[in-house]
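Examining the three-dimensional arrangement
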Amino acid sequence: MNVWILELENVRVYVDISRYWLTDEDGKPKSVNSVYEEIKGSPDEVGRNTLRLALDGNLDRGYFSNLVKLARLCSKWSGKEVALSDLLKIEDQDD
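Treat the numbers as computed from the prediction; the structure is a model and nothing was measured. (Residues numbered from 1 in each chain as written. Predicted model: local features only at pLDDT ≥ 70, side-chain atom pairs only at ≥ 80, totals over all residues. Heavy atoms only, no water.)

**Observations regarding the environment of proline 29**
The following threshold applies: Only DSSP runs of H or I covering at least 4 residues are called helices, and only runs of E covering at least 2 are called strands; the numbering of each starts at the N terminus. Residue contacts are defined here by distance: any two heavy atoms, one from each residue, within 4.5 Å place the two residues in contact.
Relative to the helices and strands, proline 29 is located in the loop between strand 1 (11-15) and helix 1 (32-39). Between the C-alpha atom of proline 29 and that of serine 18, which follows or precedes it by eleven residues, the distance is 9.3 Å. Not counting residues up to four positions away in its chain, the partners in contact with proline 29 are Trp21, Leu22 and Thr23.

**Here's the deal with the pattern of salt bridges**
The criterion, for reference: Here, a salt bridge means any side-chain nitrogen of Lys or Arg that lies within 4 Å of a carboxyl oxygen of Asp or Glu. Between buried and exposed lies partly exposed: a residue is buried under 20% and exposed over 50% of the maximum accessible area for its type, with that area taken using a 1.4 Å probe on protein chains only.
Tallied over the full model, the rule gives six salt bridges. Across the salt bridge formed by arginine 48 and glutamate 37, the nearest N and O atoms sit 3.0 Å from each other. One end of the pair, arginine 48, is in helix 2 (residues 48-55); the other, glutamate 37, is in helix 1, and eleven residues separate them in sequence. When its relative accessible area of 38% is taken as the criterion, arginine 48 is described as partly exposed. With its nearest N and O atoms 3.9 Å apart, the salt bridge here joins aspartate 44 to arginine 72. Here aspartate 44 is found in the loop between helix 1 and helix 2, whereas its partner arginine 72 is found in helix 3 (residues 64-78), with 28 residues between them in sequence. Given a relative accessible area of 47%, arginine 72 falls into the partly exposed group. A cluster of three or more residues bridged by salt bridges with shared partners is formed by Arg12, Asp60 and Arg61.

**Observations concerning helix 1**
Keep this limit in mind: The arc in question is traced by the directions running from the helix axis to the C-beta atoms.
For helix 1, the complete set of buried residues consists of Val32, Val35, Tyr36 and Ile39. When helix 1 is viewed along its axis, its buried side chains cluster within an angular range of 105° and face the same direction. The inward-facing, buried residues of helix 1 contact helix 2 and helix 3.

Coordinates in, geometry out; function isn't part of it.
What follows is the structure, encoded as structure tokens:
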């Protein structure tokens, strides 16, 4: 088991799932609402707003359980294991 200890002074961390997002038969990204309807009622259901923010790479807070659910969804969509750290976008902010 990996344990990460980070000091996050002057650092912004976002969740970004855009590279795993589902596409339609024409190869265009599916809408947030259509993906939400597909996962609604499943063990990995997250809210529309969580999906939208994570798709845009702007999800910067929420429940840890949603991060786990997003990683599971991305694993299903991509057909390979997606770790929690694969979803994180880390930006150093220099003052």
